[in-house]
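# Breakdown of the fold
One letter stands for each residue in the lines below.
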Amino acid sequence: MDKITHQVRAEHWAKIMNECINSGMSKTAWCRANGISVKQFFYWQRILRRETFENSRNSLLPAAAGPHREMAPMVPATQRTVSFTEIKLPSSSQSTAPVFHPDLVIRKGSLILEISNSASDELLSRIGGILGAE
């Protein structure tokens with residue numbers, strides 16, 4: 001089969017497979033309901049998957065893969081486009097973590113305890129008990 005005939009058939013079967021996937025039915029049930037040969041459907045699925053895999057290996061873009069991944073809708077090679085967008089990342093010197101400013105610092109030996117005004121009375125009482133017990 002020549003390249004043009006193959007491309008026309010591949011686009012035809014890609015359209016059929018997309019309709020099947022979007023139906024929500026099982027592939028076999030959808031084929032039977034739509035008068036599609038199940039053998040032809042799975043033959044073309046295998047051909048198109050192999051071509052998609054080979055094209056992804058030959059391109060600079062990584063292939064989307066996964067052992068249990070459902071077949072993604074097929075897009076003919078003539079309709080594929082790739083675009084890129086620059087994403088600016090914050091410099092490493094900028095910290096996104098909130099900075100804690102304690103309202104009270106207690107030092108006892110090697111222990112340093114930093115407490116904010118929002119600490120509960122119960123927590124302060126427990127801390128006082130622990131520090132007094134030492």
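Treat the numbers as computed from the prediction; the structure is a model and nothing was measured. (Residues numbered from 1 in each chain as written. Predicted model: local features only at pLDDT ≥ 70, side-chain atom pairs only at ≥ 80, totals over all residues. Heavy atoms only, no water.)

## Some thoughts on the pattern of salt bridges
Formally: Whenever Lys or Arg places a side-chain nitrogen within 4 Å of a carboxyl oxygen from Asp or Glu, that contact is recorded as a salt bridge. Labels follow the DSSP assignment, with helices taken as runs of H or I lasting at least four residues and strands as runs of E lasting at least two, numbered in each case from the N terminus. When accessible area is computed with a 1.4 Å probe and restricted to protein chains, residues below 20% of their type maximum are described as buried, those above 50% as exposed, and intermediate ones as partly exposed.
Under the criterion given, the structure shown has one salt bridge. A salt bridge links Glu122 to Arg126, with the nearest nitrogen and oxygen atoms 3.0 Å apart. Linking Glu122 with Arg126, this pair stays in helix H4 (residues 121-133), spanning four residues, or about one helical turn. You'll find Glu122 and Arg126 in the same group, each marked exposed.

## A look at the packing of helix H1 (residues 3-23) against helix H3 (residues 38-58)
Note the threshold: Lines fitted to C-alpha atoms define the axes, with helix axes restricted to the stretch in contact, and inter-axis angles between N-to-C directions lie between 0 and 180 degrees. To sort the angles, those under 35 degrees are grouped as roughly parallel, those over 145 as roughly antiparallel, those from 65 to 115 as roughly perpendicular, and the leftovers as oblique. Here, two residues are considered to be in contact whenever any of their heavy atoms come within 4.5 Å of each other. Basically, the charged four are Asp, Glu, Lys and Arg, the nonpolar ten are Ala, Val, Leu, Ile, Met, Phe, Trp, Tyr, Cys and Pro, and anything else, Gly included, counts as polar.
Two elements in contact, H1 and H3, have axes separated by 10 Å at closest approach and are oriented at 110°. Classed by the angle they form, the pair H1 and H3 counts as roughly perpendicular. Taken together, the residues of H3 that come into contact with H1 (itself represented by His6, Arg9, Ala10, Trp13, Ala14, Ile16, Met17 and Cys20) are Gln40, Phe41, Trp44, Gln45, Ile47, Leu48 and Glu51. Looking at side-chain class alone, the contact of H1 with H3 contains ten nonpolar, three polar and two charged residues.

## Some words on H3
The line we're drawing: A helix's residues, less one, multiplied by 1.5 Å, set its expected span.
Here H3 spans 30 Å end to end across 21 residues, near enough to the 30 Å set by a 1.5 Å rise per residue. Taken together, the buried positions of H3 are occupied by Phe41, Trp44, Gln45, Ile47, Leu48 and Ser56. Next to the buried residues of H3 lie H1 and helix H2 (27-33).

## Some points on the confidence of the model for the protein
The cut-off we apply is this: As a per-residue quantity, pLDDT reports the predictor's confidence and falls between 0 and 100.
The share of residues in the protein with pLDDT of 70 or more is 72%, and the mean pLDDT across the chain is 78. No element of the protein has a lower mean pLDDT than H4, which averages 80, and none a higher one than H2, which averages 92. Confidence drops under a pLDDT of 50 for residues 65-70, and excluding neighbours within four residues, the segment shows two contacts in the predicted structure.

## Quick notes on the nonpolar core
Which entries qualify depends on this criterion: Put simply, buried Ala, Val, Leu, Ile, Met, Phe, Trp, Tyr and Cys residues joined by side-chain atoms within 4.5 Å make one nonpolar core.
Counting residues in each nonpolar core, the largest one holds 13 residues, and the members touching the most others are Trp13, Ile36, Phe41, Trp44 and Leu48. Contributing elements (two or more residues each) for this core: H1, H2 and H3. Ranked by residue count, the leading element in this core is H1, at six residues. Filtering out sequence-adjacent residues up to four positions away, Phe41 remains in contact with Trp13, Ile16, Met17, Cys20, Lys27, Cys31 and Ile36.

## Some thoughts on the packing of aromatic side chains
Rules: Working definition: a ring pair exists when centres of Phe, Tyr or Trp rings (six-membered ring for Trp) sit within 6.5 Å. Plane angles under 30 degrees give stacked, over 60 give edge-to-face, the rest tilted.
Inspection of the entire model under this criterion finds three aromatic pairs. Where Trp13 meets Trp44, the ring centres are 6.4 Å apart and the plane angle is 5°; that geometry is what we call stacked. Taken together, the residues Trp13 in helix H1 and Trp44 in helix H3 connect sequence positions 31 residues apart. For Trp13, a relative accessible area of 11% puts it in the buried group. Look at Trp44 and you get buried, because its relative accessible area is 4%. Through pairs of rings, three or more aromatic residues link up here, namely Trp13, Tyr43 and Trp44.

## Details of the state of the cysteines
We apply this condition: We call a pair of cysteine sulfur atoms a disulfide whenever their separation is within 2.5 Å.
All told, the structure shown has zero disulfides when counted by the stated rule. Summary of cysteine pairing: Cys20 is not part of a disulfide, and the nearest cysteine sulfur, belonging to Cys31, is at 5.4 Å. Here Cys20 falls in the buried class, since its relative accessible area comes to 1%. The exposure class of Cys31 is buried, given its relative accessible area of 0%.

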